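Below, each chain spelled out in residue letters.
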Amino acid sequence: MTIQLSKRTEKIPESVFTAMSRLAIENKAVNLGQGFPDFNGPDWLIEEVYKAMKEGKNQYAPSIGILTLRKNISALYKSIYDIDWSYDNEVIITMGATEALYSSIHSVVDEGDEVIIFEPFYDSYMYDVLLAGGIPKLITLHKPDFSFDFEEFENAITNKTKVIILNNPQNPTGKVYTKKELDFISDIAIKNDLIIISDEVYEFLTYDNVNHIPISTIPGMKERTITISSAGKTFGFTGWKIGWACANKDFIRGIHSVRQWTTFAVNTPCQHAVAFGLTKIMEYLPDFRKLYLQKRDFIIQELKDSLFSPIIPLGSYFIMVNIPENKNDMELAIELVKDYKVATIPPSVFYSNSDEGKSMLRLCFAKQDETLKNGIKNLKAYKL
Ligand code: PMP
Ligand code: GLN
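Residues numbered from 1 in each chain as written. Chains lettered and ligands numbered in written order. Predicted model: local features only at pLDDT ≥ 70, side-chain atom pairs only at ≥ 80, totals over all residues. Heavy atoms only, no water.

Novice: Please clarify how the site of ligand 1 should be interpreted in this entry.
Specialist: Near ligand 1, the surroundings consist of 14 residues, among which T98, D199, Y202, S230 and K233 are the closest. A distance of 2.8 Å is found between an oxygen atom of ligand 1 and a side-chain nitrogen or oxygen belonging to N171. Protein chains shield 94% of the accessible area of ligand 1, which is 390 Å² for the free molecule. Per-element accounting of the shell around ligand 1 gives the leading share, 4 residues, to helix α5 (residues 96-108). Its residues assigned to classes, the shell around ligand 1 shows 6 nonpolar, 5 polar and 3 charged. (Near = heavy atom within 4 Å. Polar contact = N/O pair within 3.5 Å; in protein donor to acceptor, adjacent residues only side chain to side chain. Areas by Shrake-Rupley, 256 points an atom, 1.4 Å probe, with all protein chains shown as cover. Helix = DSSP H or I, 4+ residues; strand = E, 2+ residues; numbered from the N terminus. Nonpolar A, V, L, I, M, F, W, Y, C, P; charged D, E, K, R; others polar.)

Structure, rendered in structure tokens:
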């Protein structure tokens, strides 16, 4: 039989993260590519999953998510950002931020709607929009500070524009949007009656006294913003896949409509554990932030006498490095993983308009010190 996949599906390439992690395993290379910690999150939280399982919390959760987790998310955001999300109908628990993104995009984007995406982008935005039949409109974040041209942004808005996707702090650049940038984006969104999907999975990973500002807290933005986050990042358990979205109840209704036919409900015991984790988050966060700051500073320091010059990130657990001139990110990433035993991510796959990605590689520093040391040693072995 000739198997003919749908035209939509045929357009979707394999994710670069899957491809690079496979190459890392095949080549026995140190993996500084795909973004996940290679160390465990807190033991006390693992105990909570076990406890929930032993207590019989093993059947389907309510489709919208368990009540205590929705309550604790709502309370957390009230206490840290002074924003009110009703746990009743403005919070939904999802299978990681990935499902929140997929369901949000599918619930608001119609065939032919234009969606503004900043590049380099987190790859799922592009493919979620394409799968929904939307038209991505790319705005480039330019090196070295990954700022964007306000005029270009304003000119990209047409009468077909419906959504702006924001990722703050940003993967892969580590950019944290300034208040001025957020105010500008907000002004445009309000003026043109646009929806913002704001992916804030790295909300607790900012450095150098830079504060995270959820765009939903800017006046006029709460009603038009779907804010997404993930316990995978905050507690370092990416495999648990517990994420959420907070938004006006009509958006949550839309997200829920999609999710009924994708996952229906999310892993019950892990939801209970994360609900408990959020009650301890204020004690937990200082050490978590300190750990990642140390790792960021360590990798910056170690890269200094290599051919890869770091672009200092103010957020996330990624760092972009400039590669030697005349080198191409894709070819170099393959050479590095095969011959130098270190996996990285070639960021040109996160661009559609600009060539800037070809001059950089993305490294993930959510790794044990030993992994970082070995990875950097291998990077330093690379000579022209
Ligand atoms: N958004 C961004 C910006 C990410 O970096 C990631 C994963 N690293 C996700 C969403 C997906 O999050 P999750 O693993 O919770 O699905
Ligand atoms: N978000 C992770 C990264 O940026 C990868 C997650 C995935 O592979 N889906 O590396």
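Novice: Explain the packing of aromatic side chains here, please?
Specialist: Ring pairs (aromatic) are described by centroid distance and by the angle formed between their planes. Inspection of the entire model under this criterion finds 27 aromatic pairs. Look at Y340 and Y382: their rings are 5.3 Å apart centre to centre, the planes differ by 75 degrees, and that puts the pair in the edge-to-face class. Remark: Y382 occurs in the segment after α14 (369-380) and Y340 occurs in the loop between α13 (329-339) and β11 (342-343); sequence separation between them is 42 residues. Ring pairing ties together the aromatic residues F39, W44, Y202, F235, F276, Y284, F288, Y292, Y317 and F318, which thus form one cluster. The cationic tip of K175 hangs over the ring face of Y177; the distance from NZ or CZ to the ring centre is 4.7 Å. Here the basic side chain of K222 rests over the ring of W85, its NZ or CZ set 4.7 Å away from the ring centre. (Phe/Tyr/Trp six-rings, centres within 6.5 Å; stacked < 30°, edge-to-face > 60°. Lys NZ or Arg CZ within 6 Å of the ring centre and 35° of its normal.)

Novice: Looking at this structure, how should I read the site of ligand 2?
Specialist: The environment of ligand 2 is made up of F17, Q34, G35, Y122, N171, F318 and R362. In this structure, an oxygen atom belonging to ligand 2 sits 2.7 Å away from a side-chain N or O atom of Q34. Here ligand 2 has 290 Å² of accessible area as a free molecule, and 78% of this is covered by the chains. Residue composition of the shell around ligand 2, by class: 3 nonpolar, 3 polar and 1 charged.

Novice: Just to check I follow, could you spell out the packing of helix α3 (residues 43-54) against helix α11 (residues 268-279) for this structure?
Specialist: When two helices pack together, their arrangement is given by the angle between the helix axes and the distance between those axes. Packing of α3 against α11 brings their axes to within 8 Å, and their N-to-C directions diverge by 135 degrees. It follows from the interaxial angle that α3 and α11 lie oblique. Between α3 and α11 lies a crossing whose hand is right-handed. The residues of α11 that touch α3, namely those facing W44, L45, E48, V49, A52 and M53, are P269, C270, H272, A273, F276 and G277. (Axes fitted to C-alpha atoms, helices over the stretch in contact; angles between N-to-C directions. Parallel < 35°, antiparallel > 145°, perpendicular 65-115°, else oblique. Left-handed = near helix turned anticlockwise from the far one by under 90°. Contact = heavy atoms within 4.5 Å.)

Novice: Would you take a moment to explain the environment of I117 for this structure?
Specialist: Note that I117 resides in strand β3 (residues 114-119). Owing to a relative accessible area of 0%, I117 belongs among the buried residues under this scheme. Considering only alpha carbons, one finds I117 and D297, 180 residues apart in sequence, at a separation of 29 Å. Among residues more than four places away in sequence, those in contact with I117 are Y125, M126, V129, P136, K137, L138, I139 and I165. (Buried < 20%, exposed > 50% of the residue type's maximum accessible area, 1.4 Å probe, protein only.)

Novice: Hey, could you run me through α11 in this one?
Specialist: In an α-helix, one full turn covers 3.6 residues, which means residues spaced three or four apart are oriented alike. In this model α11 runs 18 Å from its N-terminal to its C-terminal C-alpha over 12 residues, within 8% of the 16 Å that 1.5 Å per residue would give. Burial of α11 is extensive: 9 of the 12 residues sit out of reach of the surface. Here α11 has its buried residues at T268, P269, C270, Q271, A273, V274, A275, G277 and L278. Elements in contact with the buried residues of α11: α3, α4 (67-81), β2 (91-95), α9 (231-234), β8 (242-246) and α12 (281-303). The backbone nitrogen of C270 has a side-chain oxygen 3.1 Å away, supplied by the residue at the start of α11, namely N267. (Expected span 1.5 Å × (residues − 1).)

Novice: I would appreciate a short explanation of the sheet that holds strand β9 (residues 309-311) in the present structure.
Specialist: Adjacent strands of a sheet form backbone hydrogen bonds with each other and so pair up, either parallel or antiparallel. Pairing within the open sheet is antiparallel, and its 3 strands lie in the order β9-β10-β12. The open sheet is flanked by β9 and β12 (360-364), the only strands paired with a single partner. Between one strand axis and the next, the sheet turns by 40 degrees as a mean value, whatever way the strands run. Set on the sheet, α12 makes contact with β9, β10 (318-322) and β12; between it and β10 the angle comes to about 15 degrees. (Pairing = 2+ DSSP bridges.)

Novice: Where do I start with unusual backbone geometry in this structure?
Specialist: With glycine set apart, most residues show a phi of negative sign, and most peptide bonds adopt trans. Here K143 and P144 are connected by a cis peptide whose omega angle stands at 0 degrees. Looking at where P144 falls in the secondary structure, it is placed in the loop between β4 (135-140) and α7 (150-156). A cis amide bond, omega 15 degrees, links N171 with the succeeding residue P172. Take P172: it is sitting in the loop between β5 (161-167) and α8 (179-191). Although it is not a glycine, D82 sits at a positive phi angle of roughly 55 degrees.

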